[in-house]
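Residue strings, one per chain:
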Amino acid sequence: MILPAHRSVCAVVVTYNRADLLGVCLRALGNQSYAIDRIIVVDNASTDHTADVLDASPSLDVVRLPSNAGSSGGFAAGIERAAENQWDLVWVMDDDVEPEPDALAHLVRQMEPDVAASGPVKVGSDGQVQPLHIAQYDLARMHKTAVVPDRGETVDVSFLSFVGLLIRGDAARTETPRADFFIDADDTEYCVRLARHGRLVGVGASRVVHHNNQAQHTRRVMGRTVMTKGKWRVYYAVRNPLLISSAHATPRQWRVSIAIAAVQLALRLPAALIHHRGDVQRWWLAVRGFVDGLRGKSGFVIAPSDYA
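As a starting point, this report considers the structure included with it. (Residues numbered from 1 in each chain as written. Predicted model: local features only at pLDDT ≥ 70, side-chain atom pairs only at ≥ 80, totals over all residues. Heavy atoms only, no water.)

**Structural notes on the environment of Arg-252**
Operational definition: Helix and strand labels come from DSSP, where a helix needs a run of H or I of at least four residues and a strand needs a run of E of at least two; each type is numbered from the N terminus. Relative accessible area decides the class of each residue, using a 1.4 Å probe on protein chains only: under 20% of the type maximum gives buried, over 50% gives exposed, and in between gives partly exposed.
One can find Arg-252 in helix α8 (residues 251–274). Judged by relative accessible area, which is 59%, Arg-252 ranks as exposed. Along the primary structure Arg-252 and Ala-140 are separated by 112 residues, whereas in three dimensions their C-alpha atoms are 8.2 Å apart.

**Observations regarding the nonpolar core**
Nonpolar side chains in soluble globular proteins generally cluster together in the buried interior. Selection rule: Here the nonpolar core consists of buried residues drawn from Ala, Val, Leu, Ile, Met, Phe, Trp, Tyr and Cys, with membership extended through side-chain atoms lying within 4.5 Å.
Val-92, Leu-160, Leu-165, Ile-167, Leu-194 and Leu-200 are the most contacted members of the largest nonpolar core, which totals 54 residues. With seven residues, the top contributor of residues to this core is helix α7 (residues 233–248). Within the second largest apolar cluster, 32 residues are counted, among which are Val-9, Met-111, Val-115 and Ala-205.

**Considerations on the packing of α7 against helix α9 (residues 281–295)**
The relative placement of two packed helices is expressed as an angle between their axes plus a distance between the axes. Here is the rule we go by: Axis angles are defined between N-to-C directions and span 0 to 180 degrees, where every axis is a line fitted to C-alpha atoms and, for a helix, only to the segment in contact. Throughout, the term roughly parallel applies to angles under 35 degrees, roughly antiparallel to angles over 145, roughly perpendicular to angles from 65 to 115, and oblique to all others. Helix crossings get a hand from a simple test, with the near helix turned counterclockwise from the far one by less than a right angle marking a left-handed crossing and a clockwise turn marking a right-handed one. Note on definitions: a residue-residue contact is assigned when non-hydrogen atoms from the two residues lie within 4.5 Å.
For the pair α7 and α9, the least separation of the axes is 7 Å and the interaxial angle reads 20 degrees. The pairing of α7 with α9 is recorded here as roughly parallel in orientation. Where α7 crosses over α9, the two elements pack in a sense that is right-handed. The segment α7 lies against α9, with Val-234, Tyr-235, Val-238, Arg-239, Leu-242 and Leu-243 engaging Arg-282, Leu-285, Ala-286, Arg-288, Gly-289, Phe-290, Asp-292, Gly-293 and Leu-294.

**Overview of the packing of aromatic side chains**
Test applied: Side-chain rings of Phe, Tyr and Trp (the six-membered ring for Trp) are treated as a pair once their centres are within 6.5 Å; stacked means planes under 30 degrees apart, edge-to-face means over 60, and tilted covers the remaining angles. A positively charged side chain is recorded as over a ring if its NZ (Lys) or CZ (Arg) lies within 6 Å of the ring centre. The angle to the ring normal must also be within 35 degrees.
Using the criterion set out here, one finds eight aromatic pairs in the structure. Residues Phe-162 and Tyr-190 carry aromatic rings whose centres are separated by 5.8 Å and whose planes lie at 50 degrees to one another, so their mutual orientation is tilted. Note that Phe-162 is positioned in the loop between β10 (159–160) and β11 (165–168) and Tyr-190 in helix α6 (residues 186–194), a separation of 28 residues in sequence. Comparing Phe-162 with Tyr-190, the two get one shared label, buried. Pairing Trp-232 with Tyr-236 gives two aromatic rings, centres 6.1 Å apart and planes at 75 degrees, and the pair type is edge-to-face. Each of the two residues, Trp-232 as well as Tyr-236, counts as buried. Put simply, the rings of Phe-182, Trp-232, Tyr-235, Tyr-236 and Phe-300 touch in pairs and so form one group of aromatic residues. One cation-aromatic arrangement involves Lys-144 over Phe-159; the distance from NZ or CZ to the ring centre is 4.6 Å.

**Notes on the pairing of strand β4 (residues 89–94)**
How we decide: Note: two strands are recorded as paired if DSSP finds a minimum of 2 bridges between them.
Where burial is concerned, most of β4 is hidden: six out of the six residues are buried. Residues Leu-89, Trp-91 and Met-93 point to one face of β4 and Val-90, Val-92 and Asp-94 to the other, with burial holding for every one of them. Two strands pair when backbone bridges link them, and strand β1 (residues 9–15) and β4 are joined in this way by six bridges, in the parallel orientation. Counted as the bridge partner of Ala-11 is Trp-91 from β4. In the sheet, β4 pairs with β11 via four bridges, with the strands oriented antiparallel. Bridged to Leu-89 within β11 is Arg-168.

**A few points about α9**
Three or four residues apart is the spacing at which side chains of an α-helix point the same way, because the helix has 3.6 residues per turn. Inclusion rule: The span expected for a helix works out to 1.5 Å for each residue beyond the first.
For α9, which comprises 15 residues, the first-to-last C-alpha distance of 21 Å matches the rise-based estimate of 21 Å (1.5 Å per residue) to within 8%. Burial in α9 covers these residues: Arg-282, Leu-285, Ala-286, Gly-289, Phe-290, Asp-292 and Gly-293. Residue Gly-296 follows α9 closely and has a positive phi angle near 80 degrees.

**Looking at the side chain of Glu-175**
One can find Glu-175 in the loop between α5 (169–174) and α6. Assessed through its relative accessible area of 10%, Glu-175 is described here as buried. Setting aside residues up to four positions removed in sequence, Glu-175 forms contacts with Ile-79, Tyr-190, Arg-193 and His-197.

**Description of the environment of Arg-268**
Residue placement: Arg-268 occurs in helix α8. Arg-268 sits 18 residues away from Ala-286 along the chain, and the two C-alpha atoms are 7.8 Å apart. What Arg-268 contacts, discounting residues up to four positions off in sequence, is Val-234, Val-238, Trp-283 and Ala-286.

**What to know about the sheet that holds strand β7 (residues 134–138)**
Taken in spatial order, the three strands make up an open sheet running β8-β7-β10, and their pairing is antiparallel. Every interior strand has two partners, whereas the edge strands, β8 (143–146) and β10, have only one. Relative to β10, β7 runs antiparallel, the two being bridged by two bridges. Looking across to β10, one finds that Ala-135 is bridged to Phe-159.

**Thoughts on the pattern of salt bridges**
Once the charged atoms of two side chains with opposite charge are near each other, the side chains can pair. In plain terms, the rule: Salt bridges are defined as contacts in which a side-chain nitrogen from Lys or Arg sits within 4 Å of a carboxyl oxygen from Asp or Glu.
According to the stated counting rule, one finds 18 salt bridges in the structure shown. Between Asp-61 and Arg-38 there is a salt bridge, and its shortest N-O distance comes to 3.8 Å. Of this pair, Asp-61 sits in strand β3 (residues 61–64) while Arg-38 sits in strand β2 (residues 38–43); the two residues are 23 residues apart in sequence, bridging distant segments of the chain. Taking relative accessible area as the criterion, Asp-61 reaches 15% and is therefore assigned buried. Judged by relative accessible area, which is 33%, Arg-38 ranks as partly exposed. Across the salt bridge formed by Arg-81 and Glu-84, the nearest N and O atoms sit 3.9 Å from each other.

Next comes the structure, spelled out in structure tokens:
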């Protein structure tokens, strides 16, 4: 396939209190073999030295939010800013992503006219592939099945995460992520709508390093890895998939989703007692997420500061 000499690319980076990682991300964007025309950084009301990092790069287009709108609000604001111009392609990611120098070039090569978005393979700082960033998503079961393409392989999927998602410009101007999710599954819902504009493809040759530090907040309990921090996220992890199914699933799929979510909710109570040392707050947060998901309630509900 012969590409045009250049298709304009606008990168969107969402950051919150990770100034050092943001610097790594921005340097990697500047070192891409395929030139990026504009970089938009959405600052989610950071309180660290993020402002110093941004001020050191005056060419950036900075969107400063008045309060932390979560990843959902950040990506919505960034893509809305990008949509103000006629970019051919929009490349989105978090501040903890470090693309390999040819990551963008490989993604662009797969952006044929019938492709709405392409996404890279994610590897951790240890070089191990992080699954579920490229996946098939089952609306009824609210479940992702990981797909990891080989280096020379490109696969059609139904889910690509926001960790390096490259979107066709007209699709980005038509579809904006749901800011009212706050966090979790916002990219899942977005991909459901992106798929109306064309294929979603995972690109094995494109790789990004995802400097996710969640591993330091885990412990092993009875042979299972459990999170020790961030229990506030349980609420959104339960609520948002239900919101996706209620908005996009068929009536039969929606009934299946409710049944599966109810079974999972029942299983969360013994899990809270056994794996989280009797921390029943986790189960209570799941109950609230389940109820609000059924009610269609969205928006910022549970604050991270209240349930660390």
